[in-house]
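# Overview (structure and organization)
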Amino acid sequence: MNARFPDFRLGKVLATSFTGTLSERQGDAVERIPTPQRLVDWLAVSGLAVDSCTPAQLDLAQELRESIHAVATAAATGDALPASAVQVINDRSVQGRAAAILTPEGERRWQLGSASSVEDALGVIAADAVSVIAGERDGRLALCASPTCRAAFFDTSQSRTRRWCDMNTCGNRQKKARFNASRRENPGAAELTA
């Protein structure tokens, strides 16, 4: 039986994209990496290809994802960073083996060794989380304004006032809900504008 999984929601920031592998956290949660192979797929499209993944490695990845989400949420709201989640991020970061390389286009990419493992890829994700949460990048951590999502994301917009983790999903869903609510409250308004 070939199961159809939800699409990945990829962003420009590796660590917060990784936390997006579990969406709708405050509603009907959508797990986007429910199997070891699905994690291998996500790592590949994120530039961190590995050959295989075990169920135990998937557990490590999901623990890291939830730790990054907890720390990013605390940072976005100005709360104290949860010590146990910080420890998971630090542990994964120091256990990974990867090198930053410069591409001909002048961009930094991560290169895993020839015998790379999921732990090496998780080390890259953890290191990215450290740089984002420590404020080493131009932008700010924020939480999605969707009441069912509340995903942590990294806002690099010029005004730093972005409200949605993803405009194509959460943003459009909220705009549609407001539009439908206004039509219910004032049904004649749509006919007047037509």
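No experiment lies behind these values; they were computed from the predicted model shown.

When helices and strands are tallied, the protein shows seven helices and six strands. If you list the helices and strands of the protein from N to C, you get α-β-β-α-α-α-β-β-α-β-β-α-α. For the protein, buried positions account for 38% of its 194 residues. For the protein, the computed accessible surface area is about 11,000 Å², with 51% contributed by carbon and sulfur atoms.

This part takes up helix 5 (residues 118-133). Over its 16 residues, helix 5 runs 22 Å from end to end, which matches the ideal 22 Å to within 8%, given 1.5 Å per residue. Counted residue by residue, helix 5 has 12 buried out of 16 residues, so it is predominantly covered. Turning to helix 5, its buried residues are Val-118, Asp-120, Ala-121, Leu-122, Gly-123, Val-124, Ile-125, Ala-126, Asp-128, Ala-129, Ser-131 and Val-132. Two residues or fewer past helix 5, Gly-135 is found with a positive phi of approximately 80 degrees.

Attention now goes to the nonpolar core. Core analysis: the biggest nonpolar cluster contains 28 residues, and Phe-18, Leu-39, Leu-64 and Ile-125 have the highest contact counts within it. Looking at this core, the elements that each hand over two or more residues are helix 1 (14-19), helix 2 (36-45), helix 3 (55-77), helix 4 (83-95) and helix 5. Filtering out sequence-adjacent residues up to four positions away, Phe-18 remains in contact with Ile-33, Leu-39, Trp-42, Ala-61, Leu-64, Arg-65, Ile-68, Leu-122 and Ile-125. Formed by eight residues, the second largest nonpolar core is a distinct cluster that contains Ala-142, Cys-144, Trp-164 and Cys-165.

Looking now at the pairing of strand 3 (residues 98-102). The sheet contact formed by strand 3 and strand 4 (residues 108-112) spans five bridges and is antiparallel. Pairing of Ala-100 across the sheet is with Trp-110, part of strand 4. Taking the residues that link successive antiparallel strands as the turn, the strand 3-strand 4 hairpin has five residues, and the phi of Gly-106 there is positive, at about 85 degrees.

Inspection of the entire model under this criterion finds eight salt bridges. The shortest N-O distance in the salt bridge between Glu-63 and Arg-92 comes to 3.7 Å. On the criterion of sequence distance, the pair formed by Glu-63 in helix 3 and Arg-92 in helix 4 is long-range, its members being 29 residues apart. For Arg-97, the salt bridge is made with Asp-120, and the minimal N-O distance between the two is 3.1 Å. In this pair, Arg-97 is assigned in the loop between helix 4 and strand 3 and Asp-120 in helix 5, connecting sequence segments 23 residues apart. Because the salt bridges share partners, they merge into one network encompassing Arg-25, Glu-31, Arg-65 and Glu-66.

Another aspect to go through is the packing of aromatic side chains. All told, the structure shown has one aromatic pair when counted by the stated rule. Arranged with centres 5.1 Å apart and planes meeting at 50 degrees, the rings of Phe-18 and Trp-42 form a pair that is tilted. Highlighted residues: Phe-18 in helix 1 and Trp-42 in helix 2, separated in sequence by 24 residues. You can call Phe-18 buried: its relative accessible area is 0%.

Once that is clear, we can look at helix 3. When the terminal C-alpha atoms of helix 3 are compared, their 33 Å separation across 23 residues agrees well with the 33 Å that a helix rising 1.5 Å per residue should span. Of the residues making up helix 3, those classed as buried are Gln-57, Leu-58, Ala-61, Gln-62, Leu-64, Arg-65, Ser-67, Ile-68, His-69, Val-71, Ala-72 and Ala-74. Positive phi appears at Gly-78, one or two residues downstream of helix 3, with a value of about 80 degrees.

Let us now look at the packing of helix 4 against helix 5. Interaxial distance between helix 4 and helix 5 falls to 7 Å at its minimum, and their mutual angle equals 125 degrees. Taken together, the axes of helix 4 and helix 5 are oblique relative to one another. Where helix 4 crosses over helix 5, the handedness of that crossing is left-handed. Residues Ile-89, Asn-90, Arg-92, Ser-93 and Gln-95 of helix 4 lie in contact with helix 5, whose contacting residues are Asp-120, Leu-122, Gly-123, Ala-126, Ala-127, Ala-129, Val-130 and Ile-133. Split by residue class, the contact of helix 4 with helix 5 holds seven nonpolar, four polar and two charged.

Cut-offs applied
Residues numbered from 1 in each chain as written. Predicted model: local features only at pLDDT ≥ 70, side-chain atom pairs only at ≥ 80, totals over all residues. Heavy atoms only, no water. Helix = DSSP H or I, 4+ residues; strand = E, 2+ residues; numbered from the N terminus. Buried < 20%, exposed > 50% of the residue type's maximum accessible area, 1.4 Å probe, protein only. Areas by Shrake-Rupley, 256 points an atom, 1.4 Å probe, with all protein chains shown as cover. Expected span 1.5 Å × (residues − 1). Core = buried A, V, L, I, M, F, W, Y, C linked by side-chain atoms within 4.5 Å. Contact = heavy atoms within 4.5 Å. Pairing = 2+ DSSP bridges. Salt bridge = Lys/Arg side-chain N within 4 Å of Asp/Glu carboxyl O. Phe/Tyr/Trp six-rings, centres within 6.5 Å; stacked < 30°, edge-to-face > 60°. Axes fitted to C-alpha atoms, helices over the stretch in contact; angles between N-to-C directions. Parallel < 35°, antiparallel > 145°, perpendicular 65-115°, else oblique. Left-handed = near helix turned anticlockwise from the far one by under 90°. Nonpolar A, V, L, I, M, F, W, Y, C, P; charged D, E, K, R; others polar.

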